[in-house]
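Chain and residue survey
The chain contents come next:
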Amino acid sequence: MIENFWGNALFSVVPTIALGLMFWLMLRSILRADRTERKVYAQIEAEERARLGLDKPVT
């Protein structure tokens, strides 16, 4: 059993690293999509305010 120590160690660590990488990629894509959506929404809102003649956003 000791002769397969490094093989067993590798097979034990690889799934954890793979799941962590997949989670990181999914979270990264969600955050990027949110950032892009907010940017586009702000641009559309600015265009609408300019079209309606409103200078300052209402707080």
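Please read these numbers as outputs of a predicted model, since none were measured by experiment.

The next point concerns the overall build of the chain. From N to C terminus, the chain includes 1 helix and 0 strands. Buried positions account for 2% of the 59 residues belonging to the chain. Working note: accessible area of the chain is about 6,000 Å², and carbon and sulfur atoms make up 69% of it.

On the UniProt side, "transmembrane region" (unreviewed entry) is annotated at positions that read residues 6-27 here. Counting secondary structure, residues 6-27 comes out at 100% helix and 0% strand; the distance between its end C-alpha atoms is 31 Å.

Spanning 48 residues, helix α1 (residues 5-52) covers 71 Å between terminal C-alpha atoms, matching the ideal 70 Å at 1.5 Å per step. Positive phi appears at Gly53, one or two residues downstream of α1, with a value of about 85°.

A few words now on a nonpolar patch on the surface. There is a patch of nonpolar side chains on the surface, built from Phe23, Met26, Leu27 and Leu31 and spanning about 430 Å² of accessible area. Looking at the element boundaries, Phe23 is found in helix α1. A residue is classified by how much of its surface remains accessible, and Phe23, at 52% relative accessible area, is exposed.

Cut-offs and rules
- Residues numbered from 1 in each chain as written.
- Predicted model: local features only at pLDDT ≥ 70, side-chain atom pairs only at ≥ 80, totals over all residues.
- Heavy atoms only, no water.
- Helix = DSSP H or I, 4+ residues; strand = E, 2+ residues; numbered from the N terminus.
- Buried < 20%, exposed > 50% of the residue type's maximum accessible area, 1.4 Å probe, protein only.
- Areas by Shrake-Rupley, 256 points an atom, 1.4 Å probe, with all protein chains shown as cover.
- UniProt positions renumbered as here; feature names shortened; annotations may be inferred.
- Expected span 1.5 Å × (residues − 1).
- Patch = residues over 30% accessible without salt bridge, like charges linked within 9 Å, V, L, I, M, F, W, Y side chains within 5 Å.
- Salt bridge = Lys/Arg side-chain N within 4 Å of Asp/Glu carboxyl O.

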